[in-house]
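# Structural features, examined
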Amino acid sequence: MIVSGWNPSGYRGSGVTPPDRVEPPGSRGGLPPVRALTGAVFGAAVEVAAIVAALALYPSGLGEGGQRHGAGPRPAAPPDGTVALPGVSADSPVLLVHGLFSNRAIFHVMRRGLRQAGFRRVAVLNYNWLRDDVRGAARSLADEVERVCESSGHERVHVIGHSLGGVVARYYVQRMGGDARVHTLVTLGAPHHGTLAASVPLPLQAIRQLRPGSDVLAELAGPAPGCKTRFVAFHSDLDELIVPTANARLVHPDLRIRNVPVRAVGHVSLPLHGRVVGEVCRVLHDARVAEPRAAA
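About the criteria used
- Residues numbered from 1 in each chain as written.
- Predicted model: local features only at pLDDT ≥ 70, side-chain atom pairs only at ≥ 80, totals over all residues.
- Heavy atoms only, no water.
- Helix = DSSP H or I, 4+ residues; strand = E, 2+ residues; numbered from the N terminus.
- Buried < 20%, exposed > 50% of the residue type's maximum accessible area, 1.4 Å probe, protein only.
- Lys, Arg positive; Asp, Glu negative; His and termini not counted.
- Salt bridge = Lys/Arg side-chain N within 4 Å of Asp/Glu carboxyl O.
- Polar contact = N/O pair within 3.5 Å; in protein donor to acceptor, adjacent residues only side chain to side chain.
- Contact = heavy atoms within 4.5 Å.
- Pairing = 2+ DSSP bridges.
- Patch = residues over 30% accessible without salt bridge, like charges linked within 9 Å, V, L, I, M, F, W, Y side chains within 5 Å.
- Areas by Shrake-Rupley, 256 points an atom, 1.4 Å probe, with all protein chains shown as cover.
- Axes fitted to C-alpha atoms, helices over the stretch in contact; angles between N-to-C directions.

## Let's talk about the side chain of Asp133
- For Asp133, the location among the structural elements is in the loop between strand S2 (122-125) and helix H3 (134-152).
- It turns out Asp133 is buried and unbridged, and the closest side chain with the opposite charge, Arg135, is 4.4 Å from it.
- Among the polar contacts listed, one links the side chain of Asp133 to the backbone nitrogen of Gly136, at a separation of 2.8 Å.
- Setting aside residues no more than four positions away along its own chain, Asp133 makes contact with Gln205, Ala206 and Gln209.

Right, dumping it as structure tokens:
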């Protein structure tokens, strides 16, 4: 079942379109053509600035990316011996996963926004995109999730994955039992159905795995009955690295999904864009608020 609910407020002027809004035929994001063109030009200029900033910040993100937290008491097992799936709380950890040609530095705005929104436990996985393919990075993510849960005393976490990081996190959730640990997976410009931009002749296994029809994407398209994780996929109409841009939408019959369209925000800009960061924080807060109803 594909879920398109969770309709947070505050979309007006945010560049993020409510998933239930019906756009008039022939419109682009519901905007007049001149405004749409102006937004695209401005978004492209912001994307260039974001790329420059990401390159400048890249050296600061080298090295160990995981952030350790003081350990807390782990929840006791139910007295009847059953194994209950834990919920999430306002203090639930958030783990960030970067994409290709990137590292933890790409999340400096996202980390600040999450902490300001009340998420005190924010960690970043720094994996080696030159060496690791999707499966190898997913194994590193699995190890990091266990470390975060052990050190924080929490049983479940939220994960935010940008670009390749979204596919890595999804592989962990769907194919490695990560749905028992990940409550909500938010992806930003992740090529869930591949991207033609991955056809570039670079000798990196991770890039080949992002081509439409790759073995990894075929695995992810397979059945995933009973998957417990909620998925929220942000996709932009100005994403220059996801070709076609609709491939950043997540469509799967077995997953609980909300797709969130974003207007005039480039690929690199997605984790740096203030309004996108605000909507991500709102999504995670909404997941926590909805938890008691889901448990009931």
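So, next bit.
## Some points on the environment of Leu55
- When you line up the elements, Leu55 lands in helix H1 (residues 33-57).
- Given a relative accessible area of 61%, Leu55 falls into the exposed group.
- Separated by 46 residues in the primary sequence, Leu55 and Phe101 have C-alpha atoms spaced 9.4 Å apart.

## Some remarks on the pattern of salt bridges
- Within this structure, the stated rule accounts for nine salt bridges.
- Note that Asp132 is salt-bridged to Arg131, the shortest N-O span being 3.0 Å.
- Overall, the relative accessible area of 12% leaves Asp132 in the buried class.
- In this structure, Arg147 and Glu144 form a salt bridge, with 2.6 Å as the shortest nitrogen-oxygen distance.

## Some points on the pairing of strand S3 (residues 157-162)
- S3 sits mainly inside the fold: six of its six residues count as buried.
- Because side chains alternate across S3, one face comprises the buried residues Val157, Val159 and Gly161, and the other comprises His158, Ile160 and His162, equally buried.
- Across four bridges, strand S1 (residues 94-97) lies against S3 in parallel orientation. Looking at S3, one finds that Val97 is bridged to Gly161.
- Relative to strand S4 (residues 182-188), S3 is paired through six bridges, and the arrangement is parallel. Across the sheet, Val157 pairs through a bridge with Val182, a residue of S4.

## Some details on a nonpolar patch on the surface
- Side chains of Phe101, Val200 and Leu202 sit close together on the surface and give an oily, nonpolar patch of about 260 Å² of accessible area.
- On the secondary structure map, Phe101 appears in the loop between S1 and helix H2 (108-116).

## Describing the sheet that holds S4
- Here we have six strands laid out as an open sheet, ordered S2-S1-S3-S4-S5-S6, and parallel in their pairing. Strand pairing shows two members of the sheet lacking a second neighbour, S2 and strand S6 (256-262), which therefore form its edges. Going from strand to strand, the sheet's axes swing by 20° on average, the running direction of each strand aside.
- Relative to S6, strand S5 (residues 230-236) runs parallel, the two being bridged by seven bridges. Looking across to S6, one finds that Arg230 is bridged to Arg256.
- Most of the contacts of helix H4 (residues 164-175) go to S4, to which it runs at about 155°, and overall it touches S1, S3, S4 and S5.

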